[in-house]
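These are the residues of each chain, in order.
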Amino acid sequence: MDTKEKLFECSKFIQNEKRREDFIELLNKLISECGYLVSPASSHYHCSHEGGLAEHSLSTFLYMMKIRDAIAPDVSVESCLIVSLLHDIGKCGYPNNEYYVKNDSYNPSYTYGKNSKPYTFNDDILFMPHSERSLYLCQYYGFKLTELEFQAIRIHDGMYIDG
């Protein structure tokens, strides 16, 4: 099963049929208009390669389920799924305008500085923390979050500005 199939397979955890349909529609828009399946998850940290964002999001769901079982069993699997798969969608950028662009001066032999990063921030889009851009994209595409999901996405990076 490829990454795209795994993403859509996860939608089975959404109990309400209308919400599941809305989620699938959101995924389709993120894939076709924002490059969700090809975006990296970071400029040079975790999953900083093509397709890294979707890979990271799926991994986050698996780890979140382990944490949920251990410390927060009252949080629904549905909310865990939605937060996991949508928390970093702001790293897709905007429709037809990516968040990260390939760094032309990248050199894998460098370990520090601009040349050490395979991707860089796209200066052609308005800067905002990616968690806020994630919330914006949910709103832009009409996907409704619960208050808990909204808050989890909003603060998922804690004290960090962007990453």
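So, how was this worked out
Residues numbered from 1 in each chain as written. Predicted model: local features only at pLDDT ≥ 70, side-chain atom pairs only at ≥ 80, totals over all residues. Heavy atoms only, no water. Phe/Tyr/Trp six-rings, centres within 6.5 Å; stacked < 30°, edge-to-face > 60°. Salt bridge = Lys/Arg side-chain N within 4 Å of Asp/Glu carboxyl O. Buried < 20%, exposed > 50% of the residue type's maximum accessible area, 1.4 Å probe, protein only. Helix = DSSP H or I, 4+ residues; strand = E, 2+ residues; numbered from the N terminus. Axes fitted to C-alpha atoms, helices over the stretch in contact; angles between N-to-C directions. Parallel < 35°, antiparallel > 145°, perpendicular 65-115°, else oblique. Contact = heavy atoms within 4.5 Å. Nonpolar A, V, L, I, M, F, W, Y, C, P; charged D, E, K, R; others polar. Left-handed = near helix turned anticlockwise from the far one by under 90°.

## A short note on the packing of aromatic side chains
Here is step 1 of the chain: Counting across every chain of the model gives five aromatic pairs.
Here is step 2 of the chain: Their ring planes at 85° and their centres at 4.8 Å tell us that Tyr 140 and Tyr 141 sit as a pair that is edge-to-face.
Here is step 3 of the chain: Site record: aromatic cluster; members linked through ring pairs are Tyr 94, Tyr 136, Tyr 140 and Tyr 141.

## Brief notes about the pattern of salt bridges
Here is step 1 of the chain: Inspection of the entire model under this criterion finds eight salt bridges.
Here is step 2 of the chain: The salt bridge partner of Lys 12 is Glu 9, with a shortest N-O separation of 3.2 Å.
Here is step 3 of the chain: Given a relative accessible area of 38%, Glu 9 falls into the partly exposed group.
Here is step 4 of the chain: Salt-bridge contacts for Glu 149 lead to Arg 19; the nearest nitrogen and oxygen are separated by 2.4 Å. In this pair, Glu 149 sits in helix α6 (residues 147-154) while Arg 19 sits in helix α2 (residues 17-34), placing the two residues 130 residues apart along the sequence. Each member of the pair Glu 149 and Arg 19 is classed as buried.

## Considerations on the environment of Tyr 100
Here is step 1 of the chain: Within the fold, Tyr 100 resides in strand β1 (residues 100-102).
Here is step 2 of the chain: In sequence terms Tyr 100 and Thr 120 are 20 residues apart; their C-alpha atoms lie 5.4 Å from each other.

## What about the packing of α2 against helix α4 (residues 77-86)?
Here is step 1 of the chain: Here α2 crosses α4 at 10°, and the two axes come no closer than 12 Å. When the axis of α2 is compared with that of α4, the two are roughly parallel. For the pair α2 and α4, the contacting residues are Arg 19, Phe 23, Leu 26 and Leu 30 in the first and Glu 78, Ile 82, Leu 85 and Leu 86 in the second.
Here is step 2 of the chain: Its residues assigned to classes, the contact of α2 with α4 shows six nonpolar, no polar and two charged.

## Brief notes about the packing of α4 against α6
Here is step 1 of the chain: Two numbers describe how α4 lies on α6: the axes approach to 10 Å, and their chain directions differ by 35°. Crossing of α4 over α6 shows right-handed handedness. Every residue of α6 that contacts α4 at Ser 79, Ile 82, Val 83 and Leu 86 is listed here: Glu 149, Ala 152 and Ile 153.

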